[in-house]
Amino acid sequence: MVRVTIYNEFIHEKTNTNVKAVYPNGLHEVLKEALCDEEITVRTITFDNIQNLTKELLDSTDVLLWWGHCKHADVPDETAVLVQNAVLSGMGAIFLHSAHHSKPFKLLMGTPCSLSWREDGDREYLWACDPSHPIAEGVDRYIKLEHEETYSEPFSIPEPDKLIFIGNYEGGEVIRAGCCYRRGYGKIFYFQPGHETYPIYYHPMIIRVIKNAIHWTYNPYRSDIDCPHIKRIEE
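Residues numbered from 1 in each chain as written. Predicted model: local features only at pLDDT ≥ 70, side-chain atom pairs only at ≥ 80, totals over all residues. Heavy atoms only, no water.

### Examining the overall build of the protein chain
Scanning the protein chain for helices and strands turns up 7 helices and 9 strands. Its C-alpha atoms give the protein chain a radius of gyration of 18 Å, within 12% of the compact-globule value 18 Å for 235 residues. Projecting the C-alpha coordinates of the protein chain onto the three principal axes gives extents of approximately 70 × 35 × 35 Å. A burial count over the protein chain gives 53% of its 235 residues as buried. Considering only residue pairs separated by 6 or more positions, the protein chain has 72% of its internal contacts joining residues 24 or more positions apart. (Helix = DSSP H or I, 4+ residues; strand = E, 2+ residues; numbered from the N terminus. Rg over C-alpha atoms; globule rule 2.2 N^0.38 Å. Buried < 20%, exposed > 50% of the residue type's maximum accessible area, 1.4 Å probe, protein only. Contact = heavy atoms within 4.5 Å.)

### A look at helix 5 (residues 77-88)
For helix 5, with 12 residues, the first-to-last C-alpha span of 17 Å sits near the 16 Å given by 1.5 Å per residue. Taken as a whole, helix 5 has its buried residues at Thr79, Ala80, Val83, Gln84, Ala86 and Val87. Looking straight down helix 5, one finds that the buried residues subtend no more than 165 degrees of arc, so they occupy a single side. For helix 5, the secondary structure elements touched by its buried residues are helix 4 (55-59), strand 3 (63-67), strand 4 (92-96), helix 6 (103-109), strand 8 (174-183) and strand 9 (186-191). Looking one or two places after helix 5, you find glycine 90, whose phi comes out positive at around 130 degrees. (Expected span 1.5 Å × (residues − 1). Arc of directions from axis to C-beta.)

### Digging into the layout of surface pockets
Taken as a whole, the largest pocket holds about 230 Å³ of empty space. In terms of lining residues, the largest pocket is bounded by 14 residues, among which His69, His100, Trp117, Glu149 and Tyr151 are the most central. Of all the secondary structure elements, the ones that give two or more residues to the lining of the largest pocket are strand 5 (116-128) and strand 6 (142-152). The class makeup of the residues in the lining of the largest pocket is 3 nonpolar, 8 polar and 3 charged. Its volume calculated, the second largest pocket comes out at about 190 Å³. If you go around the second largest pocket, the residues you meet are Lys55, Leu58, Asp59, Leu82, Asn85, Ala86, Ser89, Arg222, Ser223 and Asp224. (1 Å grid on protein atoms, 1.4 Å probe; cavity = no way out; pocket = protein on both sides within 12 Å on 5 of 7 lines; lining within 4 Å. Points joined across faces, edges and corners; volume = space filled by probe spheres on them. Nonpolar A, V, L, I, M, F, W, Y, C, P; charged D, E, K, R; others polar.)

### Side note on the sheet that holds strand 5
For sheets, the rule is that strands pair by backbone hydrogen bonds, running either parallel or antiparallel. With mixed pairing, the 9 strands of this open sheet are ordered in space as 2-1-3-4-9-8-7-5-6. Of all the strands in the sheet, the pair left with one neighbour each is strand 2 (40-46) and strand 6. Strand-to-strand twist across the sheet, computed as the mean angle between neighbouring axes with direction ignored, equals 25 degrees. Across the sheet, helix 7 (residues 204-217) lies against strand 1 (2-8), strand 2, strand 3, strand 4, strand 5, strand 6, strand 7 (162-169), strand 8 and strand 9, angled at about 165 degrees from strand 9, the strand it touches most. (Pairing = 2+ DSSP bridges. Axes fitted to C-alpha atoms, helices over the stretch in contact; angles between N-to-C directions.)

### A word on the pairing of strand 1
Burial within strand 1 is extensive, with 6 of its 7 residues counted as buried. With 5 bridges connecting them, strand 1 and strand 3 associate as parallel partners. Across the sheet, the residue bridging to asparagine 8 is tryptophan 67, located in strand 3.

### A look at the nonpolar core
Ranked by size, the top nonpolar core spans 71 residues in total, and within it Leu65, Phe165, Phe189, Tyr201, Ile210 and Ile214 carry the most contacts. Looking at which element gives the most residues to this core, the answer is helix 7, with 7 residues. Once residues lying within four places of it in the same chain are set aside, the contact partners of isoleucine 210 are Leu31, Leu35, Leu65, Ile94, Leu96, Phe191 and Tyr201. (Core = buried A, V, L, I, M, F, W, Y, C linked by side-chain atoms within 4.5 Å.)

### Here's the deal with the side chain of threonine 46
Positionally, threonine 46 belongs in strand 2. According to the relative accessible area criterion, threonine 46 is buried, its value standing at 11%. With near-sequence residues (within four places) excluded, threonine 46 lies in contact with Tyr7, Asn8, Glu9, Phe10 and His28.

### Description of the pattern of salt bridges
Oppositely charged side chains can form a pair if their charged atoms are brought close together. Under the counting rule described, the total for this entry stands at 13 salt bridges. For arginine 118, the salt bridge identified is with glutamate 173, shortest N-O distance 2.9 Å. Taken together, the residues span a long stretch of sequence, with arginine 118 in strand 5 and glutamate 173 in the loop between strand 7 and strand 8 at a distance of 55 residues. Residue glutamate 153 is joined to arginine 176 by a salt bridge in which the shortest nitrogen-to-oxygen separation is 2.8 Å. Taken together, the residues glutamate 153 in the loop between strand 6 and strand 7 and arginine 176 in strand 8 connect sequence positions 23 residues apart. Here glutamate 153 falls in the partly exposed class, since its relative accessible area comes to 24%. Residue class for arginine 176 comes out buried when judged on its relative accessible area of 16%. (Salt bridge = Lys/Arg side-chain N within 4 Å of Asp/Glu carboxyl O.)

Encoded structure:
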C-alpha cells in the first residue's frame, strides 16, 4: 500500500458558501474518497490540526498531497522545513493548484513561484506534452475543464525536469500545468487544476492524473542526506 497524507486548509469550505456547495465536507474528503483503492491508503490533515503534521507522521507518509490558498503565511516555518526535509529524504510530494505559493513548495523550488491569475471561470484545456510519461497514462491528447481559475505565464519556477501538461485558456493564456522535479531522494509533481469554487476534483481524468502521480512520486527508499566523515576504503 502507498501511504498518502493529504493536507488541505479546509478554510474556504467553512467560510464561503460557493465553496461549501462544491465541497461540503472539505476538498480533502473528496480527494480521499476518490483516491483510496486497493493500492492507496489516505489520511488527512487540515490547518486546524496542522500541529499533527509531525516528523513522525511524515516518516510514515509515502506521498504528501498539499492544497493551500489563504493560509500560506500562517503555516509554521518549522512545518515547512519538516516537509522539505522529508522530500529530500525520499518522500514523494504533489502540490495542487495554489499550493505553488505554499512555504514547502517555495523552499523546495528556491524561487518565488509567482504567476499571473484571474478568476473568470474560463474553459481550460490541459494538453499532454508527453503522453508516454507514467503521469499521463490514460490521458488522450488533452483534458477539458469547463471552468477553472486562469493561471498564466510567466511562472517563476525552476525549469521542470519534465513538463507533462500545458494549460491554455479562452483568454489565450498558457501555464506550465504539470511539472516534475527531483529534490534529494524525493520526487515532486506540481499540478495546476483545482480551484475551490469549481468541481475539479470530481473529474475522473483529474483523479486519474493524481493517482498516476502518486505512483510516480512513490519511492520506497528513505534516508537522511548528511555529510559524513569517511575513511579510505583502500590503504
